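Chains, contacts and geometry: an overview
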Amino acid sequence: MDLLALADFILVARHGGVGRAARESGRPKATLSRRVADLESGLNLRLFERGARALKLTEEGRALYERASPLLHEIDETAAAITSGGETPRGSLRISAPLLFSQVALGKLAAKFALRYPEIRLEVTTEDRAVDIVEEGYDLVIRVNPDPDATLVGRIFLRDRLVVVARPQLKPPVGKVAVPAVMRGGSFGSATSSWEYTAASGKRKRITVKPALCLASLFMVRDAVRAGVGVARVPISLVTKDLAAGKLVRWGDVDGPEIALWALYPSRRLLSARVSAFLDFLKESFPTGSPDELAAYID
């Protein structure tokens, strides 16, 4: 098999078309088209369905892309390591991370990492959806409480937990009196709902809440609670400094699983020097993985 033709096929498949692949890589469209056609001819397979405006992978094309893409990536990693003597990590490192962690810490972390490893071209995208790490060309993803995935491996580097907080002037209700609440995301829905939490005394409590605001960002939720709109459920790292300063009070801990941040990479791929360097950097930045370490990044 012609590895150059295979590499061009992967380039076209990754970018979803010859034109976009040519623009991103600086390669001539005619060369990419010819190489893909030569690969199809050599394999006696159709790898793309060709529409009027777009290319779509066939079932055989998708299978080849999913198997060959990480293999060629490993070849590139090996060549780069040999060329550099295996000493200095270099090259491109693409990372996808969730919104809140990116807003809180990743800007500062990325800057420190770039200064330490100037030969790594770090690219970070921020979104809460679970990206397809292979299909979309990422080297590492950061996810919150990810679902089990046999194609990914990694480690937890941070832990957090939800707490119920409010301004000191707002006291926990007695009985079923509804408390105004700041909700994250969604819509107002029903007029009232109930929250459960464990108070500092260890007693489990249930309160009735009435939505007063629905906001998309946890930073917005925190700011609304600071302003006295109502009670809210937020990660404790987001309000650690407010609690210490007495600006907010903690009614209790939300029952349920902890918030775990994972750094994940493909299980079929050899761990590159760049990914290894970033994993070590996360461990150095959050040695115990506690919410207090994340809170230190919040201004």
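As a reminder, the structure under discussion sits directly above these lines.
A brief report on the enclosed structure follows.

Definitions and cut-offs
- Residues numbered from 1 in each chain as written.
- Predicted model: local features only at pLDDT ≥ 70, side-chain atom pairs only at ≥ 80, totals over all residues.
- Heavy atoms only, no water.
- 1 Å grid on protein atoms, 1.4 Å probe; cavity = no way out; pocket = protein on both sides within 12 Å on 5 of 7 lines; lining within 4 Å.
- Points joined across faces, edges and corners; volume = space filled by probe spheres on them.
- Nonpolar A, V, L, I, M, F, W, Y, C, P; charged D, E, K, R; others polar.
- Helix = DSSP H or I, 4+ residues; strand = E, 2+ residues; numbered from the N terminus.
- Buried < 20%, exposed > 50% of the residue type's maximum accessible area, 1.4 Å probe, protein only.
- Contact = heavy atoms within 4.5 Å.
- Pairing = 2+ DSSP bridges.
- Axes fitted to C-alpha atoms, helices over the stretch in contact; angles between N-to-C directions.
- Parallel < 35°, antiparallel > 145°, perpendicular 65-115°, else oblique.
- Left-handed = near helix turned anticlockwise from the far one by under 90°.
- Polar contact = N/O pair within 3.5 Å; in protein donor to acceptor, adjacent residues only side chain to side chain.
- Phe/Tyr/Trp six-rings, centres within 6.5 Å; stacked < 30°, edge-to-face > 60°.
- Lys NZ or Arg CZ within 6 Å of the ring centre and 35° of its normal.
- Patch = residues over 30% accessible without salt bridge, like charges linked within 9 Å, V, L, I, M, F, W, Y side chains within 5 Å.
- Areas by Shrake-Rupley, 256 points an atom, 1.4 Å probe, with all protein chains shown as cover.
- Salt bridge = Lys/Arg side-chain N within 4 Å of Asp/Glu carboxyl O.
- Lys, Arg positive; Asp, Glu negative; His and termini not counted.
- Charge placed at Lys NZ, Arg CZ, Asp CG, Glu CD.
- Arc of directions from axis to C-beta.

**Section: empty space enclosed by the protein**
- According to the stated counting rule, one finds 2 cavities of 30 Å³ or more in the structure shown.
- What the second largest cavity holds in volume is close to 40 Å³.
- Around the second largest cavity, the lining residues are Leu99, Leu100, Gln103, Arg184, Ala216, Ser217 and Leu218.
- Each residue belonging to the lining of the second largest cavity can be placed in one class, and the counts come to 4 nonpolar, 2 polar and 1 charged.

**Looking at the side chain of Arg222**
- Along the polypeptide, Arg222 turns up in helix H6 (residues 218-226).
- You can call Arg222 buried: its relative accessible area is 8%.
- With near-sequence residues (within four places) excluded, Arg222 lies in contact with Leu238, Val239, Asp242 and Ile298.

**Description of the pairing of strand E9 (residues 193-198)**
- Here 6 bridges tie E9 to strand E10 (residues 204-215), and the two strands are oriented antiparallel to one another. Bridged to Glu196 within E10 is Arg206.
- Count of turn residues in the E9/E10 antiparallel hairpin: 5 residues, of which Gly202 carries a positive phi of about 95 degrees.
- Bridging between E9 and strand E12 (residues 249-254) involves 2 bridges; their strand directions are antiparallel. Along E12, the bridge assignment pairs Tyr197 with Val254.

**Topic: the packing of helix H2 (residues 18-25) against helix H3 (residues 29-43)**
- Look at H2 against H3: their axes get within 9 Å of each other, and the N-to-C directions meet at 125 degrees. Relative to H3, the element H2 lies oblique. H3 is crossed by H2, and the crossing has right-handed handedness. Contacts from Val18, Gly19, Ala21 and Ala22 in H2 reach Lys29, Leu32 and Ser33 in H3.
- Here the residues of the contact of H2 with H3 are counted per class, giving 4 nonpolar, 2 polar and 1 charged.

**Things to note about H6**
- Listed as buried for H6 are Leu218, Phe219, Val221, Arg222, Ala224 and Val225.
- Those residues of H6 that are buried are in contact with helix H5 (99-116), strand E7 (162-166), strand E8 (179-184), E10, strand E11 (232-235) and helix H7 (236-245).
- For H6, the N-terminal cap is Ser217; the gap from its side-chain oxygen to the backbone nitrogen of Phe219 is 3.1 Å.
- Count one or two residues on from H6 and you reach Gly228, which has phi positive near 95 degrees.

**Considerations on the packing of aromatic side chains**
- Applying the stated criterion across every chain, the model contains 9 aromatic pairs.
- A centroid spacing of 5.6 Å and a plane angle of 70 degrees characterise the contact between Phe101 and Phe157, whose relative ring orientation is edge-to-face. You can see Phe101 sitting in helix H5 and its partner Phe157 sitting in strand E6 (residues 152-160), a full 56 residues away along the chain.
- Between the aromatic rings of Phe113 and Phe278, the centroid separation amounts to 5.1 Å while the plane-to-plane angle is 75 degrees, which identifies the pairing as edge-to-face. Of this pair, Phe113 sits in helix H5 while Phe278 is found in helix H8 (residues 273-285), placing the two residues 165 residues apart along the sequence.
- For Phe113, a relative accessible area of 1% translates into the label buried.
- Owing to a relative accessible area of 2%, Phe278 belongs among the buried residues under this scheme.
- Taken together, Phe101, Phe157, Phe286 and Tyr297 form an aromatic cluster joined through their ring pairs.
- The side chain of Arg94 reaches across the aromatic face of Tyr138, ending 4.3 Å from its centre.

**Quick word on a negative patch on the surface**
- Together, Glu66, Asp132, Asp147 and Asp149 line one region of the surface with negative charge.
- You can see Asp132 is positioned in the loop between strand E4 (120-126) and strand E5 (140-144).
- Relative accessible area serves as the criterion here: at 38%, Asp132 is assigned to the partly exposed category.

**Considering H2**
- Of the positions making up H2, those classed as buried are Val18, Gly19, Ala21 and Ala22. The buried residues of H2 occupy an angular sector of 165 degrees when projected down its axis, which confines them to one face. Residues of H2 that are exposed and angled more than 90 degrees away from the buried face: Arg23 and Glu24.
- Check the buried side of H2 and you find it contacts helix H1 (3-15), H3 and strand E2 (55-57).
- Positive backbone phi, approximately 80 degrees, marks Gly26, located one or two places after H2.

**Details of the pattern of salt bridges**
- In total, this model carries 18 salt bridges according to the counting rule given.
- A salt bridge links Arg204 to Glu196, with the nearest nitrogen and oxygen atoms 2.9 Å apart.
- Its relative accessible area of 56% is what places Arg204 among the exposed residues.
- For Glu196, a relative accessible area of 30% corresponds to the partly exposed category.

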